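# Structural description and commentary
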Amino acid sequence: MSTPLSKISVLPVIMAGGSGTRLWPLSRAGYPKQFLVLSGNESLFQMAARRLAALASPEFDLAGPCIVGNDEHRFLVLDQLRETKLEPSSVLLEPMGRNTAPALTLAALAALEGGSDPVLVVTPADQTVTKPEAFTAALHQAIRLAADGAITILGITPDRPETGYGYIRTTSEGSGLAVAQFVEKPDLETAQRYLAEGDYYWNSGMFVLRASVWMKALERFRPDIAEATRAAWAARKADAKFVRPGKAEFAAVPSESVDYAVMERCPGTDIPLRMVALDAGWNDLGAWEAVWQVADKDEAGNAFVGDALIADSQNTLVHATSRLVGVVGLKDVVVVETADAVLVSDRARSQEVKQIVNRLGAEQRGEHALHRKVHRPWGWYDSIDSGERFQVKRIMVKPGASLSLQMHHHRAEHWIVVSGTAEIVNGDKTILLTENQSTYIPLGQTHRLANPGKVPLEIIEVQSGSYLGEDDIVRFEDTYGRA
């Protein structure tokens, strides 16, 4: 129980493990939507971290965020937090996706270490809010309720009969609202009735509750998830801010959402389930339709990002990333262009883009997981051209970073420095190259590229050989644990 004399311990938890397939081709498995900058100059993940940092108050002891994400995205998490100058309390890395209930359980187990029991403020990493003051005020109210033992849900005040969200039915209780029922995504007629009745709210996927309250509820309703996640947590390994649960143990955890595992089972029990209404310009950006909803539009309802020319069109979204896109005579259409793929969809059916993503995965096409420009912990590479027995890449290496010491069985490489300084291990020699200088790495030669300078290093790499796949790498030493 909280008292006026003691601060409420608060731990923000950001769920950053989603794959964001419905925002393909911009969102890919290797660089999902929460790390994308869809507008402005910050990613959805960075905006979520800033919103939670703004919860600071004399009433609360606010910790740095606990991030729960996929092991493959660990350096994206750290890089993007570094840009915001926010320090995480921990980064919990799932070896594979198991939905939100196990993810929240990992965060709760981490929070309970050492005998503490903070209030967890749990939010997905891929939502937008246009009224931050209203968001902060609602979360402060939810934290106070949770500090006294309630599971508190943020419900979105609906402004239209939306069929793409789950709903929460509420009843009045004291000075607040109690959750009476969770309702699946309705048809249009039902959604219109919900809007008219006024007791229904959209389920935001944001929860505020003490770590111990979550564990007790989970052990009551899904002891199998609690037990399996505890086993994975017991087998964890820590590496600086990274904490990895046991891989084999986590693979055995049942996959389930927070809603199905616990929340929907609470109404009618002795577990207090409360709701705080949130009217803060919220959107979960679940599909391109939602991106259009929140975008700035012209007088014809058209929205665009990038180099786009729109003529004689209505209520259309164009997102261009690498070239000019022109559209004429379109209505209610989404056009998304990236360097290696283009999506054209009826706006109302943009949720169905996952059909394309599933086919790409089944056919094992690279566009399923990665962009042409691929981010790595040391920087990025962009495959700018390829053909029979050759491939050309533009490579950027961050200041102070280096690639692994490696060799290739099937290809040779030519490196040309475009800007910055390159430190290159080439066999038994180490050389420094600057702008316009080059070197040749013979097939089978051990080599390494590093940036010893203070500015980004950019090179052009020309590969030639009988096989140019990314799996033709033998690593001998690696800063990032991949050797």
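The structure displayed is predicted, hence computed values, not measured ones. (Residues numbered from 1 in each chain as written. Predicted model: local features only at pLDDT ≥ 70, side-chain atom pairs only at ≥ 80, totals over all residues. Heavy atoms only, no water.)

As a further point, take the overall build of the protein chain. Scanning the protein chain for helices and strands turns up 11 helices and 29 strands. Taken over the C-alpha trace, the protein chain has a radius of gyration of 25 Å; the compact-globule value for 483 residues is 23 Å, and the two agree within 12%. In the protein chain, which comprises 483 residues, the share counted as buried stands at 50%. Taking the intrachain contacts of the protein chain between residues at least 6 apart in sequence as the baseline, contacts between residues at least 24 apart amount to 68%. Working note: accessible area of the protein chain is about 22,000 Å², and carbon and sulfur atoms make up 50% of it. (Helix = DSSP H or I, 4+ residues; strand = E, 2+ residues; numbered from the N terminus. Rg over C-alpha atoms; globule rule 2.2 N^0.38 Å. Buried < 20%, exposed > 50% of the residue type's maximum accessible area, 1.4 Å probe, protein only. Contact = heavy atoms within 4.5 Å. Areas by Shrake-Rupley, 256 points an atom, 1.4 Å probe, with all protein chains shown as cover.)

Applying the stated rule across the entire model yields 27 salt bridges. Between Glu470 and Lys393 there is a salt bridge, with its nearest N and O atoms 2.3 Å apart. Of this pair, Glu470 sits in the loop between β28 (457-465) and β29 (474-477) while Lys393 sits in strand β21 (residues 390-397); the two residues are 77 residues apart in sequence, bridging distant segments of the chain. Looking at Glu470, the relative accessible area reads 35%, which means it is partly exposed. A residue is classified by how much of its surface remains accessible, and Lys393, at 3% relative accessible area, is buried. For Arg394, the salt bridge is made with Glu458, and the minimal N-O distance between the two is 2.9 Å. Here the residue Arg394 occupies a position in strand β21, and Glu458 occupies one in strand β28, the gap between them amounting to 64 residues. Using a relative accessible area of 18% as the deciding quantity, one classes Glu458 as buried. Connected via shared salt-bridge partners are Asp71, Arg74, Asp239 and Arg244. (Salt bridge = Lys/Arg side-chain N within 4 Å of Asp/Glu carboxyl O.)

Here we come to the nonpolar core. By size, the foremost hydrophobic cluster in this structure holds 65 residues, and its most contacted members are Phe45, Ile143, Leu154, Val208 and Trp288. For this core, the element with the most residues is helix α4 (residues 132-147), which contributes seven residues. The residues contacting Phe45, other than those within four sequence positions of it, are Ile14, Ala16, Gln34, Phe35, Ile67, Val77, Gln80, Leu81 and Ala125. In this structure, Leu106, Ala108, Ala226 and Val262 belong to the second largest nonpolar core, which totals 49 residues. (Core = buried A, V, L, I, M, F, W, Y, C linked by side-chain atoms within 4.5 Å.)

Counting buried residues in helix α1 (residues 44-53) gives seven out of 10 residues, a clear majority hidden from the surface. Those residues of α1 not exposed but buried are Leu44, Phe45, Gln46, Ala48, Ala49, Arg51 and Leu52.

What follows concerns the packing of helix α6 (residues 211-221) against helix α7 (residues 223-234). Where α6 contacts α7, the axes come no closer than 5 Å and their chain directions differ by 120°. In terms of their interaxial angle, α6 and α7 are classed as oblique. Residues Met215, Leu218, Glu219, Arg220 and Phe221 of α6 touch α7, and the partners they reach there are Pro223, Ile225, Ala226 and Arg230. A class-by-class count of the residues in the contact of α6 with α7 yields six nonpolar, no polar and three charged. (Axes fitted to C-alpha atoms, helices over the stretch in contact; angles between N-to-C directions. Parallel < 35°, antiparallel > 145°, perpendicular 65-115°, else oblique. Nonpolar A, V, L, I, M, F, W, Y, C, P; charged D, E, K, R; others polar.)

All right, on to the packing of aromatic side chains then. For the coordinates displayed, the defined rule picks out seven aromatic pairs. Between the aromatic rings of Tyr194 and Tyr200, the centroid separation amounts to 3.9 Å while the plane-to-plane angle is 15°, which identifies the pairing as stacked. Neither residue differs from the other here; Tyr194 and Tyr200 are each classed as buried. Put simply, the rings of Tyr165, Trp202 and Trp282 pair up and form one aromatic cluster. Its end group placed over the ring of Phe135, Arg51 keeps NZ or CZ at 5.5 Å from the ring centre. Across the ring face of Trp292, the terminal group of Lys297 is positioned such that the distance to the ring centre comes to 4.7 Å. (Phe/Tyr/Trp six-rings, centres within 6.5 Å; stacked < 30°, edge-to-face > 60°. Lys NZ or Arg CZ within 6 Å of the ring centre and 35° of its normal.)

A separate point is the pairing of strand β24 (residues 422-426). Every regular strand shows the same layout, with side chains that alternate between the two sheet faces. What you see with β24 is a clean split: Ala422, Ile424 and Asn426 sit on the buried side and Glu423 and Val425 on the side with no burial. When β24 meets strand β25 (residues 429-433), the two strands line up antiparallel, connected through five bridges. For Glu423, the partnering residue across the bridge sits in β25 and is Leu432. Linkage of β24 to β25, two consecutive antiparallel strands, is achieved through a turn of two residues, within which Gly427 is found at a positive phi near 70°. Two elements, β24 and strand β27 (residues 447-450), share four bridges in a ladder whose sense is antiparallel. Residue pairing in the sheet places Asn426 in a bridge with His447 of β27. (Pairing = 2+ DSSP bridges.)

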